[in-house]
Amino acid sequence: MTSMSDIDKISANREGFNLRARAHMQSSYYDVDRFKQGHNMLRRLEQEELGDVRGKSVLELQCHIGVNSLSLARMGAQVTGTDISDEAIDIARGLAEDLALDASFVQANLYDLPKVLDGDFDMVFTGYGTLSFLPDIDAWAKVAAQYVKPGGTLTVVEIHPMLTLFGDVDGELRVARSLFQNRDVHHEMSSTYADRIEDEVEVETHSIYGWRWSVEQVLNALIGAGLTIERIREVPYDARQRLPLMVSDGDHNWRIPGDPIPLSFSVTARRG
């Protein structure tokens, strides 16, 4: 599946997300206080693509602190969330208990999930900012697909890879990198993604490793795992402000003025 170097990077990411998890309890992105008051934390594209989840069993991969999973539980789904960070899973379990929501959470490296989680689900879901922490997209698709019941669906909502190629130079988009080169990413971080650019949450300095995947690679991985692609969407809004020129649309999404490029994409695939 992965080389030892990839395993080391995954381990470093786990440590990094353990640091981030507690900080995210105070972040505007996760807005835990508002969530506790009943706000649905799923973004517009996620809600549209998942649709009516009432009475359905749902597995959320890489659920972090669990607010999306618990939002799905509020919507009537029978939810299981999983994440590599034990701190994040502890928070998710605590939120579920405090709010009396019926959801279970499993801590595991995604690639090792079949060792600790059995069964299959009506729906498997992964949301914004998850695929970039996976060194093997084909192995991810096989793990995800094995949890989809016959007739069930796998839904991916993600940052569009096109957005990751641009920088903001004096308020204008400039191509900064290639999608076909330097796919591996390493950053030393002392803040997190969970707030606006001018108000990022500070955390202890940590390493984060990532991998850039094209839409083509994601689709082909799902097809290779035996799923049938039913729908693909590209939209001009994203879940957070990734560039200074991005502006809020008032609906918890961010856009580039003029909507010049897709900022998010979604894929729905079904097991026959």
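Here's a quick rundown of the structure. Everything numeric here is computed off the predicted structure, so don't read it as measured data.

Of regular secondary structure, the protein chain possesses seven helices and 14 strands. The globule rule puts the C-alpha radius of gyration for 272 residues at 19 Å, and the 18 Å found for the protein chain is close to it. Expressed along its principal axes, the backbone C-alpha trace of the protein chain runs to roughly 50 × 40 × 40 Å. Scored against the burial criterion, the 272 residues of the protein chain give a buried share of 54%. Long-range contacts, defined as pairs at least 24 residues apart, comprise 72% of the intrachain contacts of the protein chain with a sequence gap of at least 6. Looking at the protein chain as shown, the accessible area adds up to about 12100 Å², and 46% of this sits on carbon and sulfur atoms.

Moving on: the sheet that holds strand β4 (residues 121–126). Spatially, the seven strands line up as an open sheet ordered β3-β2-β1-β4-β5-β14-β10, and their pairing is mixed. In this open sheet, the two strands that pair with only one neighbour each are β3 (103–107) and β10 (228–235). For this sheet the average axis-to-axis angle between neighbouring strands, irrespective of direction, equals 15°. Strand direction decides the pairing type here: strand β1 (residues 57–61) and β4, joined by three bridges, are parallel. Paired with Leu59 across the bridge in β4 is Val124. Relative to the sheet, helix α5 (residues 86–99) contacts β2 (78–83) and β3, its axis offset from that of β3 by approximately 170°. The sheet contacts of helix α6 (residues 137–146) involve β1, β4 and β5 (148–159), and relative to β5 the element is tilted by about 135°.

If you walk across this open sheet you meet the three strands as β11-β13-β12, and the pairing is antiparallel. Single-partner strands in this sheet number two, and they are β11 (237–238) and β12 (247–248).

Our next topic: helix α4 (residues 67–74). Along α4, seven of the eight residues are buried, which leaves the element largely enclosed by surrounding structure. Taken together, the buried positions of α4 are occupied by Val67, Asn68, Ser69, Leu70, Ser71, Leu72 and Ala73. Trailing α4 by a residue or two, Gly76 shows a phi angle of about 105°, which is positive.

Inspection of the entire model under this criterion finds 15 salt bridges. Between Asp112 and Lys115 there is a salt bridge, and its shortest N-O distance comes to 3.6 Å. Note that Asp259 is salt-bridged to Arg255, the shortest N-O span being 3.1 Å.

A separate point is the packing of α4 against α5. As a packed pair, α4 and α5 sit with axes 10 Å apart at the nearest point and diverge in direction by 30°. The angle between the axes of α4 and α5 places the two elements in the roughly parallel class. For α4 against α5, the interelement crossing comes out right-handed. Contacts between α4 and α5 involve Val67, Leu70 and Arg74 from the former and Ala92, Leu95, Ala96 and Leu99 from the latter. Split into classes, the residues belonging to the contact of α4 with α5 amount to six nonpolar, no polar and one charged.

Looking at the element boundaries, Thr153 is found in strand β5. Thr153 has contacts with Asp122, Met123, Val124, Val148, Thr268, Ala269 and Arg270, leaving out every residue within four places of it along the chain.

The biggest cluster of nonpolar side chains holds 47 residues, and the ones touching the most others in it are Ile65, Leu70, Leu72 and Phe105. Going through the elements one at a time, α2 (32–36), α3 (44–50), α4, α5, β3, β4 and β5 are the ones with two or more residues in this core. Ranked by the residues each element gives to this core, the list is headed by α5, at six residues. Excluding its chain neighbours within four sequence positions, the residues that come into contact with Ile65 are Ala21, His24, Met25, Tyr30, Val32, Ala88, Ile91, Ala92 and Leu95. In this structure, Val106, Phe121, Val143 and Leu154 belong to the second largest nonpolar core, which totals 38 residues.

Despite not being glycine, Asp170 shows a phi value in the positive range, around 55°. Within the secondary structure, Asp170 sits in the loop between β6 (166–169) and β7 (172–175). Not every positive phi belongs to a glycine, and Asp259 is a case in point at roughly 50°. Mapped onto the elements of the fold, Asp259 is located in the loop between β13 (254–255) and β14 (264–270). A relative accessible area of 34% places Asp259 in the partly exposed class.

The rules we used
- Residues numbered from 1 in each chain as written.
- Predicted model: local features only at pLDDT ≥ 70, side-chain atom pairs only at ≥ 80, totals over all residues.
- Heavy atoms only, no water.
- Helix = DSSP H or I, 4+ residues; strand = E, 2+ residues; numbered from the N terminus.
- Rg over C-alpha atoms; globule rule 2.2 N^0.38 Å.
- Buried < 20%, exposed > 50% of the residue type's maximum accessible area, 1.4 Å probe, protein only.
- Contact = heavy atoms within 4.5 Å.
- Areas by Shrake-Rupley, 256 points an atom, 1.4 Å probe, with all protein chains shown as cover.
- Pairing = 2+ DSSP bridges.
- Axes fitted to C-alpha atoms, helices over the stretch in contact; angles between N-to-C directions.
- Salt bridge = Lys/Arg side-chain N within 4 Å of Asp/Glu carboxyl O.
- Parallel < 35°, antiparallel > 145°, perpendicular 65-115°, else oblique.
- Left-handed = near helix turned anticlockwise from the far one by under 90°.
- Nonpolar A, V, L, I, M, F, W, Y, C, P; charged D, E, K, R; others polar.
- Core = buried A, V, L, I, M, F, W, Y, C linked by side-chain atoms within 4.5 Å.

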